[in-house]
Amino acid sequence: MKLKIHLLLFLNLTACLTFGQKKSDIPSCNLFPEFLEGMLLMKDGQKKRMYVNYDKATEVLLMASGPIIMGISTTENELLDTAYIENRKFIRLDNKFLELIYHSKSTTLMVQHKCKIIYSSSVRYLPGGFRRESPQMMAYRTKASDQFIVDQYIIYWIERDQVLHEVTSHYDFRKIFTDQKKQLRKYMTKHGVDFNNTEEVEVLIRFLDEN
């Protein structure tokens, strides 16, 4: 089945990152700094290679064709099973597009990448997630002197013993591994974990999976 695509109008939500075009004053919420060659695996088994990126603000998979940026609609997105971008794997789960970080017989670790552009009129608003004092939360000022911040953060999804958990705090994480409190405390004391760093969280999950 031929994958249909439609043109998305991003306006000021994303910067134009395609071939030779001038960048927007507002930084992009794209996951990658540029469009990369990726492979899309459809539910019907078809494989499609194209230049792709992911908009963390709208949570839409983007595709570049010459100077045009396009996104997959909600209906058409249901035909997508898996996306491979560089050495990273992204899957659809309950209408969410998540990066698969770790998978074993008992535990699966996934990351939902999020981004919000918060303008001066609502600068006090901060969305949920681990990154509340994040160095990635940056303040910008446009040419029109309208101040805003770009807040990039992550939400973990952990499937353990066939139960899916949304993790937005350290407390949520500890509730999942209540049967391994001693191992978790010992590891945290010895190594410490930056829960905004997916690599460190993956190492911790592997440790708990093996002990």
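Not measured: the values here are computed from a predicted model.

A few words now on the overall build of the chain. When helices and strands are counted, the chain shows four helices and twelve strands. Among the 211 residues that make up the chain, the fraction classed as buried is 45%. Expressed as a percentage of contacts within the chain between residues at least 6 apart in sequence, the contacts between residues at least 24 apart total 53%.

A word on the pairing of strand S7 (residues 88-93). Relative to S7, strand S6 (residues 80-85) runs antiparallel, the two being bridged by four bridges. Across the sheet, the residue bridging to Ile 85 is Arg 88, located in S7. The hairpin turn running from S6 into S7, its antiparallel successor, is two residues long, and Glu 86 in that turn takes a positive phi close to 55°. Between S7 and strand S8 (residues 96-103), which follow one another and run antiparallel, lie two residues, and Asp 94 among them has a positive phi close to 50°.

Moving on to the side chain of Gln 152. Mapped onto the fold, Gln 152 is located in strand S11 (residues 147-160). Look at Gln 152 and you get buried, because its relative accessible area is 18%.

Detailed reading of the predicted coordinates is not advisable wherever pLDDT is low. For the chain, per-residue confidence averages 75 on the pLDDT scale, and 70% of positions sit at 70 or higher. Across residues 1-24, confidence stays below pLDDT 50; counting only partners more than four residues off in sequence or on other chains, it has 63 contacts. Taken together, the stretch residues 132-145 has pLDDT below 50 and engages in 31 contacts with residues farther than four places along the chain or on a different chain.

By size, the foremost hydrophobic cluster in this structure holds 19 residues, and its most contacted members are Leu 109, Ile 158, Phe 173, Val 201, Leu 204 and Ile 205. It is helix H4 (residues 198-210) that contributes the most residues to this core, four residues altogether. In this structure, Met 42, Tyr 54, Phe 90 and Phe 97 belong to the second largest nonpolar core, which totals 14 residues.

Taken across its six residues, strand S4 (residues 60-65) has five buried, putting it largely inside the fold. One ladder, built from five bridges, connects strand S3 (residues 47-55) with S4; its direction is antiparallel. Residue Val 52 lies in a different strand from S4, and its bridge partner there is Met 63. Taking the residues that link successive antiparallel strands as the turn, the S3-S4 hairpin has four residues, and the phi of Glu 59 there is positive, at about 55°.

Below, the discussion takes up the environment of Glu 86. Secondary-structure assignment places Glu 86 in the loop between S6 and S7. Between the C-alpha atom of Glu 86 and that of Gly 38, which follows or precedes it by 48 residues, the distance is 6.6 Å. Filtering out sequence-adjacent residues up to four positions away, Glu 86 remains in contact with Phe 32, Leu 36 and Glu 37.

With a phi angle near 55°, Glu 86 is a residue other than glycine that sits in the positive phi range. Unusually for a residue other than glycine, Gln 162 sits at a positive phi of about 70°. Looking at where Gln 162 falls in the secondary structure, it is placed in the loop between S11 and strand S12 (163-167).

Attention shifts here to H4. Here H4 spans 18 Å end to end across 13 residues, near enough to the 18 Å set by a 1.5 Å rise per residue. Those residues of H4 lying buried are Val 201, Glu 202, Leu 204, Ile 205 and Leu 208. What you see down the axis of H4 is that its buried residues fit within an arc of 160°, all on one side. Exposed residues lying more than 90 degrees from the buried face of H4 are Glu 199 and Glu 210.

For the rest of this paragraph, the subject is the side chain of Thr 82. Along the chain, Thr 82 falls in strand S6. Exposure remark for Thr 82: the relative accessible area of 4% places this residue in the buried category. For Thr 82, the side chain forms a polar contact with the side chain of Asp 81, separated by 2.5 Å. Filtering out sequence-adjacent residues up to four positions away, Thr 82 remains in contact with Met 39, Leu 40, Leu 41, Lys 89, Phe 90 and Ile 91.

Criteria and cut-off values
Every residue gets a number counted from 1 within its own chain, in the order that chain's sequence is written. At least 70 in pLDDT is required for a residue's local features to be given in this predicted model, at least 80 for side-chain atom pairs to be given and counted, and no such filter applies to totals for whole chains, interfaces and linings, which use all residues. Heavy atoms throughout the structure, all of them, feed into the side-chain values; hydrogens and water do not. Going along the chain from the N terminus, every DSSP run of H or I of four or more residues is numbered as a helix, and every run of E of two or more is numbered as a strand. In this scheme, a residue with accessible area under 20% of its type's maximum is buried, one over 50% is exposed, and one in between is partly exposed, where area comes from a 1.4 Å probe on protein chains only. We call two residues contacting when some pair of their heavy atoms lies within 4.5 Å. Paired strands, as defined in this entry, are two strands with at least two bridges between them according to DSSP. The predictor rates its confidence in each residue with pLDDT, a number between 0 and 100. Residues grouped as a nonpolar core are buried Ala, Val, Leu, Ile, Met, Phe, Trp, Tyr and Cys residues, joined through side-chain atoms within 4.5 Å. A helix is expected to span 1.5 Å multiplied by its residue count minus one. This arc is built from the directions going out from the helix axis to the C-beta atoms. Polar contacts, as counted here, are pairs of nitrogen or oxygen atoms within 3.5 Å of one another; within protein the pair requires one atom able to donate a hydrogen and one able to accept it, and residues that are adjacent in sequence qualify only if both atoms are side-chain atoms.

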